[in-house]
Amino acid sequence: MRILRLAGRRLAASIPTLALILIGVFLLLQFAPGDTVDAMMAQMGGGDAATARELRKFYGLDLSIPAQLGNYLWRLIRLDLGFSSIYGKPVASVILERLPPTILLMTASLSFAFFFGIVFGVIAARGVNKWPDTVISILGLIFYATPSFWFGLMAIVVFSIYLQWLPAGGFEDIGALQTGIWRTLDIARHLVLPTLTLGLIFLAIYLRIMRASMLEVLNLDYVRTARAKGLDETRVVIRHVLRNALLPMVTLIGLQAGTMLGGSVVVESVFSLPGLGRLAYESVVQRDLNTLLGIVFVSALLVITVNFAVDLIYARLDPRIAAEG
Amino acid sequence: MGLTRLAINRRTALMTSAAIAANVLNPMRAFAQETPRKGGVFNVHYGAEQRQLNPSIQASTGVYIISGKIQENLVDLDANGKPVGVLAESWEASPDGKTVTFKLRKGVTWHDGKPFTSADVEFTAMQMWKKILNYGSTLQLFLTAVDTPDPQTAIFRYERPMPLNLLLRALPDLGYISAKHLYESGDIRQNPTNLAPVGTGPFKFVKYERGQYVIADRNPDYWRPNAPYLDRIVWRVITDRAAAAAQMEAGELHYSPFSGLTISDLARLAKDKRFVVSTKGNEGNARTNTLEFNFRRKELSDIRVRRAIAHAINVPFFIDNFLGDFAKLGTGPIPSTSTDFYPGANTPQYPYDKAKAAALLDEAGYKSGAGGTRFSLRLLPAPWGEDISLWSTFIQQSLSEVGITVEIVRNDGGGFLKQVYGEHAFDLATGWHQYRNDPAVSTTVWYRSGQPKGAPWTNQWGWEDKTVDKTIDDAATEIDPVKRKALYAEFVKEVNTELPVWMPIEQIFVTTIIAKARNHSNTPRWGSSSWHDLWLSA
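Every residue gets a number counted from 1 within its own chain, in the order that chain's sequence is written. All chains are assigned letters beginning at A, and all ligands numbers beginning at 1, according to the order in which they are written. It should be noted that, the model being predicted, local features are given only for residues of pLDDT at least 70 and side-chain atom pairs only at 80 or more, the latter also being counted only at that level, while totals for whole chains, interfaces and linings use all residues. Side-chain calculation: all heavy atoms of the structure are included, whereas hydrogens and water are not.

Caption draft 1: Examining the overall build of chain A more closely. Each helix is a run of H or I in the DSSP string that is no shorter than four residues. Each strand is a run of E no shorter than two, and both are numbered from the N terminus. In terms of helices and strands, chain A carries 13 helices and 0 strands. Reading the helices (α) and strands (β) of chain A from amino to carboxyl end gives α-α-α-α-α-α-α-α-α-α-α-α-α. For the C-alpha atoms alone, the extent of chain A along its principal axes is close to 85 × 55 × 40 Å. Burial status across chain A gives 48% buried among its 325 residues. Residue exposure ignores everything except the shown protein chains as possible cover, and the areas themselves are Shrake-Rupley values with a 1.4 Å probe. Summed over its atoms, the accessible surface of chain A is roughly 16,200 Å², and 70% of this surface lies on carbon and sulfur atoms. Burial classification: accessible surface area is computed with a 1.4 Å probe over protein chains only, and a residue below 20% of its type maximum counts as buried, one above 50% as exposed, and the rest as partly exposed.

See the structure below:
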């Protein structure tokens, strides 16, 4: 019951935020020179002024900016995301098509980064200032400092071109058009390199946080008590230390869900994945305001959902938090 | 000084140009008497998705690369660049040039089984080319009607004489036919067929997954006997150029058209025996790098300043060190690949001469002020390719050496067009001019005054010259090919003298294709053509 109340309060608080974000993006994009018809002309390689005028009218671009914004918000209230001018389809269906690859990629990368972040963080903390710690910390630094597009391209060179183990791009094998379990496996194979590419930088962050947080908790009094009781070291780490050390990690997941959406633009381009990140990039270049706002809306919802889930996990990990909420 | 050091680095990077040259000279290796083989899937790099795929309403290579295989034009170009019938079997112009009669091919059917007739031609010409198609609306401006006395005859009637050579050279790009029965009701622009094209061509549209791929399969009822050879063509959407090069190497792509890879990847793949990297097959897609002057700027309206700018830039140096063997010195608005119109001696030219540039600027009254600066300009480069970006930096550095400070203002596509062609908010702009086989199609609009504001790639410089306008108008309706060529030679001379737009570099798009492809690059617009004879050797 308390959790439901928490959920309700959270959602109510996020509505004004959402509205502000949408209005902000709308106004920001007005500062970009050119509109969707200009972008269309650029793509066509020329056209006459009369056609341009007609198209502007068709897309409602001849209205004043407040009128356009008003129309947009009014449609949004009725849960209508509008019509995409690049795709000629409702924005909602365009986004729905692009959502699965992005969500898959994000979930896979986050799980990968989270899991190995914990493992490496624990190992490093246990062997602090010994060789495992040094090796892991240096690797972490390298992953953190490497730009993901470069990492992606190098992964393609090694695993796709030289070793020929994994596909160099795409979401699934077009030639085969598989179904069921084979399709799932095929998609999974295509996602290995993008997941690694997107996940490594987050892995680097997680392992550092995990290491620091483990070191802190390991020095607390209750851990000393646990050891004094005669518990073996593994039990101390798993039962007593890990649970408390996880709290900052969980916080970070919530914060990074948004960052990850941004990072996926690069990864989706390098691996030619049909995701939301690339769609967002294209809608900026094509000045497709409706699609862009739709993506902002959906991403904001996504981030809000993730943060909400994080709050729940929090309450589970540390009952004191739920009690205060 | 700074320029020289940069140049050495670039030269090292492009050391491979000798290898490219070898391929340019001999693009089709191992072409012994092999018998064509049926079957195979051909994977194509598709770099920029379009909003729709109907070539009857959008003239661009991004559309032809896909729907040129599915829909067909009345006329295409053969290996020698001469018009050859596709959906039209023959044609004839009346002596006054006001009617052109096309005899259409018999027994051709649309992919949905309906017969192709002159009604389709009439509908496409009047409703699509004349009203919607970019450049088509200019080309067909004086088209009044298309008569269809029988299903195999289409008679184009013009208000003013239409040179037959102009029409035949424009139709390969601006002459794709759509099916009347699929378009006659509703808004043509919003028709769903635009994204699932139905044509008469060698390949039938199967599926378009936005952001991923387009698939077309062999048309078993194609009118050309024994064609096509391929089972399937897959266009893979890959926006990142480096990723596309990697996929070529991984064997997932077979063909990357229209310079779709980075200059350094092209140089690298040219050394790889698995690929052919060449400009062959793109002669009909020549492009020229431009420098556009805004005449609303007092300094630039002075011809001495424009000439000084041209003299201040060492174009051969730029080509040698930045573009390699894929580019050459341009001489004016008509590229040398256009054998029917290239005037040969394109005078006057503006060879690199810094002293002369300085003298011209002094003479125009712009002496060096404090710190050696005479005045400063804003340069807007178009975002179409890395050569434009390099070229704009080169202009900036070259002009600084004669005392003109250049600020580079970068935009994306929509922003560039809006600022340059919509708002005239530029001093200098640089981009590409694409030549479409005949100067009247897309070249002369860069010079003809009186273009409506906001029309991209037209004379938006504020430049006006009655003599040039007249030459352009006369040439557009002159039906005698010899006189026409002479008029265009005159036009080139006039605009090279006045220099409202400078076109100093000529380029042809570069094709990267797997070596086992056969019958490729055999026409001047091969990337856009139908690929009915393309096959893959074992």
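More follows now that the structure is in view.
Caption draft 2: How the structure looks around the packing of aromatic side chains. All names here are of chain B. Between rings of Phe, Tyr and Trp, where Trp is taken as its six-membered ring, a pair exists when centres lie within 6.5 Å; planes separated by under 30 degrees are stacked, by over 60 edge-to-face, and by other angles tilted. In total, this model carries 37 aromatic pairs over all chains according to the counting rule given. Arranged with centres 5.5 Å apart and planes meeting at 85°, the rings of phenylalanine 42 and tryptophan 531 form a pair that is edge-to-face. One end of the pair, phenylalanine 42, is in strand 1 (residues 41-46); the other, tryptophan 531, is in the loop between strand 21 (517-518) and strand 22 (535-536), with 489 residues separating them in the sequence. In this pair, the class of phenylalanine 42 matches that of tryptophan 531, namely buried. Taken together, the aromatic side chains of Trp384, Phe416, Tyr421, Phe426, Trp446, Trp457 and Trp461 make up a single cluster linked through ring pairs.

Caption draft 3: How the structure looks around the confidence of the model for chain B. The predictor's confidence in any single residue is recorded as pLDDT, a number from 0 to 100. Of the residues in chain B, 94% reach a pLDDT of 70 or more, and the chain-wide mean stands at 90. For this predicted complex, the interface confidence comes out at an ipTM of 0.82, alongside a pTM of 0.85.

Caption draft 4: The pairing of strand 13 (residues 286-293) of chain B, seen in detail. Residues and elements named next belong to chain B. With 8 of 8 residues buried, strand 13 lies mostly within the body of the structure. The two faces of strand 13 match: Ala286, Thr288, Thr290 and Glu292 on one face and Arg287, Asn289, Leu291 and Phe293 on the other face are all buried. Two strands form a pair only when DSSP identifies at least two bridges running between them. The pairing of strand 13 with strand 19 (residues 501-508) spans 6 bridges and is antiparallel. Its bridge partner being in strand 19, alanine 286 is matched across the sheet by isoleucine 508. Two elements, strand 13 and strand 18 (residues 432-434), share 3 bridges in a ladder whose sense is antiparallel. Across the sheet, asparagine 289 pairs through a bridge with tryptophan 432, a residue of strand 18. Sheet topology places strand 13 next to strand 17 (residues 428-430); 2 bridges connect them, and they run antiparallel. Residue glutamate 292 lies in a different strand from strand 17, and its bridge partner there is alanine 429.

Caption draft 5: Layout of the UniProt feature "transmembrane region" (unreviewed entry) in chain A. All names here are of chain A. UniProt positions are given in the numbering used here, feature names are shortened, and annotations may be inferred rather than shown by experiment. Per the UniProt record, "transmembrane region" (unreviewed entry) is annotated on residues 12-32, 103-123, 135-163, 187-207, 245-271 and 291-310. Across residues 103-123 one finds 100% helix and 0% strand; the C-alpha atoms that close the span lie 30 Å apart. Along residues 291-310, the helical share is 100% and the strand share 0%, with 28 Å between the first and last C-alpha atoms.

Caption draft 6: Representation of the pattern of salt bridges within the structure. Residues and elements named next belong to chain B. Salt bridges are defined by distance alone: a side-chain nitrogen of Lys or Arg within 4 Å of a carboxyl oxygen of Asp or Glu. Following the criterion strictly, the structure yields 35 salt bridges over all chains and no others. Between aspartate 473 and arginine 448 there is a salt bridge; the shortest N-O distance is 2.9 Å. With a gap of 25 residues between them, aspartate 473 in helix 16 (residues 466-477) and arginine 448 in the loop between helix 15 (439-442) and helix 16 connect regions that are remote in the sequence. Residue classification places arginine 448 among the partly exposed positions, given a relative accessible area of 25%. Salt bridges sharing partners connect three or more residues here, namely Asp76, Asp173, Arg436 and Arg525.

Caption draft 7: Local environment of a nonpolar patch on the surface. A grouping of A:Phe115, A:Phe116, A:Val119, A:Phe120 and A:Ile123 is seen on the molecular surface, where their side chains present a nonpolar patch of about 400 Å² in accessible area. Looking at the element boundaries, A:Phe115 is found in helix 5 (residues 91-126). Like charges are joined within 9 Å and nonpolar side chains (Val, Leu, Ile, Met, Phe, Trp, Tyr) within 5 Å, but only among residues with over 30% relative accessible area and no salt bridge; these make up the patches.

Caption draft 8: Looking closely at the sheet that holds strand 6 (residues 143-147) of chain B. All names here are of chain B. With antiparallel pairing, 4 strands are arranged side by side in an open sheet as 4-5-7-6. Here the strands that pair on one side only, and so sit at the sheet edges, are strand 4 (88-93) and strand 6. When strand polarity is set aside, the average angle formed by the axes of neighbouring strands in this sheet is 20°. Here strand 5 (residues 99-104) pairs with strand 7 (residues 153-158) via 5 bridges, running antiparallel. By the bridge assignment for strand 7, threonine 101 is matched with isoleucine 155. A contact between two residues is defined here by any heavy atoms of the two lying within 4.5 Å. Fitted lines through C-alpha atoms give the axes, limited to the stretch in contact for helices. The angle between two N-to-C directions lies from 0 to 180 degrees. Its contacts with the sheet put helix 4 (residues 118-129) on strand 5, strand 6 and strand 7, and the angle it makes with strand 6 is roughly 165°. Its contacts with the sheet place helix 6 (residues 164-174) against strand 4, strand 5 and strand 7, and it is angled at close to 45° to strand 5.

Caption draft 9: Inspection of the interface of chain B and chain A at higher detail. Chain B puts 47 residues into the contact, and the matching count from chain A is 44 residues. Between chain B and chain A, the buried area comes to about 3,700 Å², and carbon and sulfur atoms account for 53% of it. The interface formed by chain B and chain A includes 1 salt bridge. Of the charged contacts in the structure, one is a salt bridge between A:Arg287 and B:Asp412, with a shortest N-O distance of 2.7 Å. Think of a polar contact as two N or O atoms within 3.5 Å of one another; within protein, one of them needs to be a possible hydrogen donor and the other a possible acceptor, and neighboring residues in sequence only count if both atoms come from side chains. At the junction of chain B and chain A, the tally comes to 7 residue pairs in polar contact (both at pLDDT 80 or more). Where the side of chain B that touches chain A is concerned, the elements lending two or more residues are strand 9 (213-218), strand 10 (232-237), helix 8 (241-249) and helix 14 (413-422) of chain B. In terms of residues, the side of chain B that touches chain A owes the most to one element, helix 14 of chain B, which gives 6 residues. For any pair of parts, buried area is found by adding up, for both, the accessible area (1.4 Å probe) each one loses once the two are put together.

Caption draft 10: Examining a positive patch on the surface more closely. All names here are of chain A. Positive: Lys, Arg. Negative: Asp, Glu. His and the chain ends are not part of the count. The atoms used to mark charge sites are NZ of Lys, CZ of Arg, CG of Asp and CD of Glu. Where like charges cluster on the molecular surface, the positive patch consists of Lys229, Arg235, Arg239, Arg243 and Arg316. With 3 residues, the single largest contributor to the positive patch is helix 10 (residues 233-270). The exposure class of arginine 316 is exposed, given its relative accessible area of 64%.

Caption draft 11: Structural context of the side chain of A:Asp35. Residues and elements named next belong to chain A. Among the structural elements, aspartate 35 can be located in the loop between helix 1 (2-30) and helix 2 (36-44). Engagement of the side chain of aspartate 35 in a polar contact is seen with the side chain of arginine 56, the distance being 2.7 Å. In contact with aspartate 35, other than residues within four places in its own chain, are Arg56, Leu61 and Arg287.

Caption draft 12: Seen up close, the nonpolar core. Counting residues in each nonpolar core, the largest one holds 164 residues, and the members touching the most others are B:Leu74 and B:Phe156. If we ignore the near neighbours within four places in the chain, the residues touching B:Phe156 are B:Leu74, B:Lys98, B:Thr99, B:Val100, B:Phe102, B:Val121, B:Ala125, B:Trp129, B:Leu143, B:Ala145 and B:Val146. Residues belong to one nonpolar core when they are buried, are Ala, Val, Leu, Ile, Met, Phe, Trp, Tyr or Cys, and are joined through side-chain atoms within 4.5 Å. A:Leu105, A:Ile187, A:Leu193 and A:Val237 belong to the second largest nonpolar core, which has 58 residues in total.

Caption draft 13: Seen up close, the side chain of A:Asp133. All names here are of chain A. Relative to the helices and strands, aspartate 133 resides in helix 6 (residues 131-145). We classify aspartate 133 as buried; its relative accessible area is 3%. Within the structure, the side chain of aspartate 133 is placed 2.6 Å from the side chain of arginine 211, a separation counted as a polar contact. Excluding its chain neighbours within four sequence positions, the residues that come into contact with aspartate 133 are Ala124, Gly127, Val128 and Arg211.

Caption draft 14: Geometry of the packing of helix 7 (residues 148-162) of chain A against helix 8 of chain B. The geometry of helix 7 of chain A relative to helix 8 of chain B is characterised by a closest axis approach of 10 Å and an angle of 5° between their N-to-C directions. With respect to helix 8 of chain B, the element helix 7 of chain A is oriented roughly parallel. Only B:Ala242, B:Ala243, B:Ala246 and B:Glu249 of helix 8 of chain B make contact with helix 7 of chain A, whose side of the interface consists of A:Leu153, A:Ile156 and A:Ile161. Looking at the contact of helix 7 of chain A with helix 8 of chain B residue by residue, the classes come out as 6 nonpolar, no polar and 1 charged. By the definition adopted for this analysis, an angle is roughly parallel if under 35 degrees, roughly antiparallel if over 145, roughly perpendicular if from 65 to 115, and oblique otherwise. When residues are sorted by character, Ala, Val, Leu, Ile, Met, Phe, Trp, Tyr, Cys and Pro go into the nonpolar class, Asp, Glu, Lys and Arg into the charged class, and all the rest, Gly among them, into the polar class.

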